[in-house]
Amino acid sequence: MANASELSGVTFDWPVRVYYEDTDAAGVVFYANYLRFMERGRTEWLRSIGYEQDVLRDAKGILFAVRRVNLEYQNSALFNELLLVRSAVTHLGGASMEFEQSVLRPADGKICCRGEVNVVCLDATTKRPRRLPSELAAAIQSSIGCAVPASSE
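Residues numbered from 1 in each chain as written. Predicted model: local features only at pLDDT ≥ 70, side-chain atom pairs only at ≥ 80, totals over all residues. Heavy atoms only, no water.

Can you help me understand the overall build of the protein in this one?
Each helix and strand counted, the protein has three helices and five strands in total. When the helices and strands of the protein are placed in sequence order, the string is β-α-α-β-β-β-β-α. The buried share among the 153 residues of the protein stands at 44%. The long-range fraction of contacts in the protein, counting pairs at least 24 apart against all pairs at least 6 apart in sequence, stands at 66%. Accessible surface computed for the protein: about 8,200 Å², of which carbon and sulfur atoms make up 51%. (Helix = DSSP H or I, 4+ residues; strand = E, 2+ residues; numbered from the N terminus. Buried < 20%, exposed > 50% of the residue type's maximum accessible area, 1.4 Å probe, protein only. Contact = heavy atoms within 4.5 Å. Areas by Shrake-Rupley, 256 points an atom, 1.4 Å probe, with all protein chains shown as cover.)

Explain helix 3 (residues 134-143) here, please?
Three or more residues of helix 3 are buried, namely Leu 136, Ala 137, Ala 139, Ile 140 and Gln 141. Looking at the residues trailing helix 3, positive phi occurs at Gly 145, about 80°.

Where do I start with the sheet that holds strand 1 (residues 12-17) in this structure?
Pairing between the strands of a sheet is mediated by backbone hydrogen bonds and can be parallel or antiparallel. With respect to topology, five strands assemble into an open sheet ordered 1-3-4-5-2, the strand pairing being antiparallel. On the outer flanks of this sheet lie strand 1 and strand 2 (62-73), each paired with one strand and no other. The average undirected angle you get between the axes of adjacent strands in this sheet is 25°. Sheet topology places strand 3 (residues 82-92) next to strand 4 (residues 96-105); eight bridges connect them, and they run antiparallel. Bridge pairing in strand 4 links Leu 92 to Met 97. (Pairing = 2+ DSSP bridges. Axes fitted to C-alpha atoms, helices over the stretch in contact; angles between N-to-C directions.)

Just to check I follow, could you spell out the confidence of the model for the protein for this structure?
Reading fine detail from the predicted coordinates is not recommended where pLDDT is low. Here the protein shows a mean pLDDT of 91. Residues at 70 or above account for 89%. Note on residues 1-7: pLDDT is under 50 here. Beyond four places in sequence and across chains, it has 21 contacts. (pLDDT = per-residue confidence, 0-100.)

Can you walk me through the pairing of strand 4 in this structure?
For strand 4, a buried count of nine out of 10 residues is recorded, marking the element as mostly surrounded by other parts of the structure. Taking the residues between adjacent antiparallel strands as the criterion, strand 3 and strand 4 are bridged by three residues. Here strand 4 runs beside strand 5 (residues 110-123); their pairing, made up of 10 bridges, is antiparallel. Looking at the pairing, Gln 101 lines up with Gly 115 of strand 5. Hairpin connection between strand 4 and strand 5: a loop of four residues separates the two successive antiparallel strands, and Gly 109 in this loop has a positive phi of roughly 75°.

Where do I start with the state of the cysteines in this structure?
Two cysteines form a disulfide when their sulfur atoms are joined by a covalent bond. Scanning the model with the defined rule gives zero disulfides in all. Distance from the sulfur of Cys 112, which forms no disulfide, to the nearest cysteine sulfur (Cys 113) is 8.2 Å. Judged by its relative accessible area of 0%, Cys 113 is buried. (Disulfide = S-S within 2.5 Å.)

Would you mind showing me how to read the nonpolar core here?
Note that soluble globular proteins tend to have their nonpolar side chains buried in a common cluster. Counting residues in hydrophobic clusters, the biggest one holds 32 residues, and the most contacted among them are Tyr 34, Phe 37, Trp 45, Leu 83, Leu 136 and Ile 140. Put simply, the parts of the chain that give this core at least two residues each are strand 1, helix 1 (33-48), strand 3, strand 4, strand 5 and helix 3. Beyond its immediate sequence surroundings of up to four residues, Leu 83 is in contact with Trp 14, Pro 15, Val 16, Val 18, Phe 37, Ala 77, Val 103, Leu 104, Arg 105, Pro 106 and Cys 112. (Core = buried A, V, L, I, M, F, W, Y, C linked by side-chain atoms within 4.5 Å.)

Quick question: what am I supposed to make of the pattern of salt bridges here?
A pair can form between side chains of opposite charge whenever their charged atoms are brought close. Across all of its chains, the model carries 11 salt bridges by this definition. A salt bridge links Asp 22 to Arg 36, with the nearest nitrogen and oxygen atoms 3.7 Å apart. Of this pair, Asp 22 sits in the loop between strand 1 and helix 1 while Arg 36 is found in helix 1, placing the two residues 14 residues apart along the sequence. Using a relative accessible area of 0% as the deciding quantity, one classes Asp 22 as buried. Using a relative accessible area of 36% as the deciding quantity, one classes Arg 36 as partly exposed. One salt bridge in this structure joins Glu 52 and Arg 47, with 2.8 Å as the shortest N-O distance. (Salt bridge = Lys/Arg side-chain N within 4 Å of Asp/Glu carboxyl O.)

Below is the structure:
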């Protein structure tokens, strides 16, 4: 399908507020919660292109699972700060997507956490990898500014 050199760099931004439950005793965001923020960003991006994960499971028989994550922590985020989760698809394969995501603080523009996340499409019943449905792949490609190749479905 599409690779990073073909993508237009289109990003999707989603705001998140740091709640008390997101922090450690010092009021700093607990490191694992950045993964939760990034998950919300990917879910809201999918919703923004017209797809709900529960509907995809029920109507198309697919699920998404994180296969690989690489994170770099750069600056601490604190209780009650407003953050922005920035997501961009950098690779779209037949059954997977690669995202570059960052959680940044708009107040000063500093990146708190940056990561690469590989997500795989799974059959909801067998939990085995499965090609993205052609209409979903086309919607993703349209959202990131790529041409849609001929479907093999």
